[in-house]
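Summary of structural features
Chain by chain, the residues run as shown.
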Amino acid sequence: RPDFSRNPGAEVRFAERSRILAKSFCSQIEVFAQQYGSTPRQLYLATFATLLARYSGETSIVLGIGANDESRSLDLSGNPTFHELLQRAGGAEVATSLQDLRFHIAGLHVSAEQLAGSVLLSCDFDHQLFRVETIDRLLHHFELLLGEILHRPVQKLAEYSFLTADERKRLLVD
């Protein structure tokens, strides 16, 4: 959810933050996708939808995907396992290249680009809606959630943790 409300008529100002996924991590993603009859693109799509669902509490996540901003809805109802969600996400998949991977939601544009075995996750965001820290945390949570999924793909979506140890500690104390 945005950190701030947009003032009506205010000019949209975008900023960018990024995070690099290590080569060894990306290799695990490739192997995982092959084992589950999927693509890395579908894996990223389902992971991002899972993260947004966990942030928002919604069970239907609608993303604009690709350069044409094609709307794509993912149904996360019933607390499926990630493997089940991955099957749902693969339904109408057209492009399989990571270069085609772009997610758009209100004020956020997330993309992935392969770089010599690594993946660069980039997030362009409306600086008037989101703090830099929020976007950094979102990208870090995405990576942590993806790691959890790689280790336990048949776990229910609500059971995955994507918080850092410090964040969990703060939640328990506060």
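What comes next concerns the included structure. Quick caveat: nothing in here was measured; it's all calculated off a predicted structure. (Residues numbered from 1 in each chain as written. Predicted model: local features only at pLDDT ≥ 70, side-chain atom pairs only at ≥ 80, totals over all residues. Heavy atoms only, no water.)

**A look at the packing of aromatic side chains**
Overall, the coordinates contain five aromatic pairs when judged by the stated rule. Ring centres of Y44 and F142 lie 6.0 Å apart, and the angle between their planes is 25°; this geometry places the pair in the stacked category. Linking Y44 in helix 2 (residues 40-56) with F142 in helix 4 (residues 132-151), this pair joins segments that are 98 residues apart in sequence. Looking at Y44, the relative accessible area reads 1%, which means it is buried. (Phe/Tyr/Trp six-rings, centres within 6.5 Å; stacked < 30°, edge-to-face > 60°. Helix = DSSP H or I, 4+ residues; strand = E, 2+ residues; numbered from the N terminus. Buried < 20%, exposed > 50% of the residue type's maximum accessible area, 1.4 Å probe, protein only.)

**Points about the packing of helix 2 against helix 4**
Relative orientation of the contacting elements helix 2 and helix 4 amounts to 115°, with a least axis distance of 10 Å. In this structure, helix 2 crosses over helix 4, and the sense of that crossing is right-handed. Residues L43, Y44, T47, F48, T50, L51 and Y55 of helix 2 form the contact with helix 4, whose participating residues are R137, L138, H141, F142, L145, L146, I149 and L150. Here the residues of the contact of helix 2 with helix 4 sort into 11 nonpolar, three polar and one charged. (Axes fitted to C-alpha atoms, helices over the stretch in contact; angles between N-to-C directions. Left-handed = near helix turned anticlockwise from the far one by under 90°. Contact = heavy atoms within 4.5 Å. Nonpolar A, V, L, I, M, F, W, Y, C, P; charged D, E, K, R; others polar.)

**Here's the deal with empty space enclosed by the protein**
A probe as big as a water molecule, rolled over the atoms, marks out the empty space that is left. Under the defined criterion, the tally for this structure stands at one cavity of 30 Å³ or more. Within this model, the largest cavity holds a volume of roughly 60 Å³. In terms of lining, the largest cavity is formed by Y44, F48, L101, F103, V110, S111, A112, L121, L138, L139 and F142. Among the elements of the structure, helix 2, strand 5 (108-115) and helix 4 are those that each provide at least two residues to the lining of the largest cavity. The residue inventory of the lining of the largest cavity, partitioned by class, reads 10 nonpolar, one polar and no charged. (1 Å grid on protein atoms, 1.4 Å probe; cavity = no way out; pocket = protein on both sides within 12 Å on 5 of 7 lines; lining within 4 Å. Points joined across faces, edges and corners; volume = space filled by probe spheres on them.)

**Looking at the layout of surface pockets**
Here the largest pocket defines a volume of roughly 410 Å³. Lining the largest pocket are 17 residues, with R1, P2, L52, Y55 and F130 positioned closest to its centre. Secondary-structure elements contributing two or more residues to the lining of the largest pocket are helix 2 and helix 4. Top contributing element to the lining of the largest pocket by residue count: helix 4, with five residues. Taken together, the residues of the lining of the largest pocket break down into 11 nonpolar, three polar and three charged.

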